[in-house]
Amino acid sequence: MAILHIITAPDPRLKQLSAPVAKVDAEIRQLMDDMLETMHAAPGIGLAAPQVGVLKRVIVLEIDREETKVGPLFMANPEIVDASDDDAIYNEGCLSVPEHYADVSRPAEVTVRYLDRDGKRQDLKCEGLLATCVQHEIDHLDGILFIDKISALKRNMILRKLVKERKERENAL
Ligand code: GNR
Ligand code: NI
């Protein structure tokens, strides 16, 4: 097990399309386990492989709140196969957009099809925070961040701030 480095916006790797996993083998299982450890350490409730610089379609989720307790869930090649017509708004954050939050609207319920840690195909119906989170993670696999779903004004404000903070960190070294 290992804690991996989480990359932050604006990083070109976060804008790329990740490649499907051919098979859930020992290497992918290792990646899943390292991602779970990294997510716990952060801490976060979900993590997508591109956030640790690996452009593969792998996500992990674990929600442990009073309302919802699920996971840990390990998913390779997750896809939304059904979504509700009604939306839910959630105040989202992202480990790759540290310390910024914004309301994002997404389908309230989705069914996700994926390969689990044993390579077995699963269909899981998600609602509440899990539905929001699984859509947020799948977006990462398509190079989409939650800030891409808010106004350009707010997005650019956040990105400028992140660039400024990175420069300040570099100057402090
Ligand atoms: O830890 C996280 N919390 C969160 C809260 C609301 C909506 C989505 C998330 S996912 C985020 C971790 C992360 O960046 N996953 O990609
Ligand atoms: Ni995120």
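Residues numbered from 1 in each chain as written. Chains lettered and ligands numbered in written order. Predicted model: local features only at pLDDT ≥ 70, side-chain atom pairs only at ≥ 80, totals over all residues. Heavy atoms only, no water.

Student: Sorry if this is basic, but what is going on with the coordination of the nickel ion (ligand 2) here?
Tutor: Each donor-metal-donor angle in an ideal tetrahedron of four donors is 109.5 degrees, and each such angle in an ideal octahedron of six donors is either 90 or 180 degrees. Protein coordination at the nickel ion (ligand 2) comes from Cys94 (SG), His136 (NE2) and His140 (NE2), with a distance range of 2.1 to 2.3 Å. Written as a sequence motif, the donor residues of the nickel ion (ligand 2) are C-x41-H-x3-H. Here Cys94 is found in strand 4 (residues 87-94), whereas its partner His136 is found in helix 2 (residues 128-141), with 42 residues between them in sequence. Accessibility assignment for this pair places Cys94 and His136 in one class, buried. (Donors = N, O, S within 2.8 Å, 3.2 Å for Na, K, Ca; no water. Helix = DSSP H or I, 4+ residues; strand = E, 2+ residues; numbered from the N terminus. Buried < 20%, exposed > 50% of the residue type's maximum accessible area, 1.4 Å probe, protein only.)

Student: Can you walk me through the pattern of salt bridges in this structure?
Tutor: Close approach of charged atoms lets side chains of opposite charge pair. Across all of its chains, the model carries 11 salt bridges by this definition. Here Glu92 and Arg106 are joined by a salt bridge, their closest N and O atoms 2.7 Å apart. Of this pair, Glu92 sits in strand 4 while Arg106 sits in strand 5 (residues 97-107), placing them 14 residues apart in sequence. Here Lys149 makes a salt bridge to Asp139, at a shortest N to O gap of 3.6 Å. With Lys149 in the loop between helix 2 and helix 3 (152-172) and Asp139 in helix 2, this pair connects stretches of sequence that are 10 residues apart. (Salt bridge = Lys/Arg side-chain N within 4 Å of Asp/Glu carboxyl O.)

Student: Before we go on, may I ask you to explain the pairing of strand 6 (residues 109-115) in this structure?
Tutor: Successive side chains on a regular strand alternate, one facing one side of the sheet and the next facing the other. As defined by bridge partners, strand 3 (residues 69-83) adjoins strand 6 across 5 bridges and the pair is classed as antiparallel. Across the sheet, the residue bridging to Ile80 is Val112, located in strand 6. Summarising the sheet, strand 6 and strand 7 (residues 121-127) pair through 7 bridges and their orientation is antiparallel. Across the sheet, Thr111 pairs through a bridge with Lys125, a residue of strand 7. Between strand 6 and strand 7, which pair antiparallel and follow one another directly, the connecting turn spans 5 residues, one of which, Gly119, has a positive phi of 80°. (Pairing = 2+ DSSP bridges.)

Student: How do you make sense of the sheet that holds strand 7 when you look at a structure like this?
Tutor: Sheet strands associate in pairs through backbone hydrogen bonding, adopting either a parallel or an antiparallel arrangement. Spatial ordering of the open sheet is given by 1-2-3-6-7, a layout of 5 strands whose pairing is antiparallel. Taken across any chain shown, the strands that pair with only one partner, and hence form the sheet edges, are strand 1 (46-48) and strand 7. With strand direction ignored, the average angle separating the axes of adjacent strands in the sheet is 40°. Sheet strands in contact with helix 1 (residues 26-41) are strand 1, strand 2 (58-64) and strand 3, and its direction is about 40° off that of strand 2. Sitting on the sheet, helix 2 is in contact with strand 1, strand 2, strand 3, strand 6 and strand 7, with an inclination near 160° to strand 2. (Axes fitted to C-alpha atoms, helices over the stretch in contact; angles between N-to-C directions. Contact = heavy atoms within 4.5 Å.)

Student: Any chance you could explain the packing of aromatic side chains here in plain terms?
Tutor: Centre-to-centre distance and the angle between the planes together describe a pair of aromatic rings. Applying the stated rule across the entire model yields 0 aromatic pairs. Just above the ring of Phe74 sits the side chain of Arg117; from NZ or CZ to the centre is 5.9 Å. (Phe/Tyr/Trp six-rings, centres within 6.5 Å; stacked < 30°, edge-to-face > 60°. Lys NZ or Arg CZ within 6 Å of the ring centre and 35° of its normal.)

Student: Before we go on, may I ask you to explain the pairing of strand 2 in this structure?
Tutor: Summarising burial for strand 2: 5 of the 7 residues are buried, a large majority. Pairing analysis gives 3 bridges linking strand 1 to strand 2, with the strands arranged antiparallel. When the bridges of strand 2 are listed, Ala48 appears paired with Ile59. Bridging between strand 2 and strand 3 involves 6 bridges; their strand directions are antiparallel.

Student: In this structure, what is going on with the site of ligand 1? I would like to understand it.
Tutor: Around ligand 1, the neighbouring residues are Gly44, Ile45, Gly46, Gln51, Tyr90, Glu92, Gly93, Cys94, Leu95, His136, Glu137 and His140. Contact distances for ligand 1 include 2.8 Å between an oxygen atom and a backbone N or O atom of Leu95. At 2.9 Å, a side-chain N or O of His140 approaches an oxygen atom of ligand 1. Here ligand 1, which alone exposes 380 Å², has 91% of that area covered by the protein. The set of elements that each furnish at least two residues to the shell around ligand 1 consists of strand 4 and helix 2. Sort the elements by how many residues they give to the shell around ligand 1 and strand 4 lands first, with 4 residues. (Near = heavy atom within 4 Å. Polar contact = N/O pair within 3.5 Å; in protein donor to acceptor, adjacent residues only side chain to side chain. Areas by Shrake-Rupley, 256 points an atom, 1.4 Å probe, with all protein chains shown as cover.)

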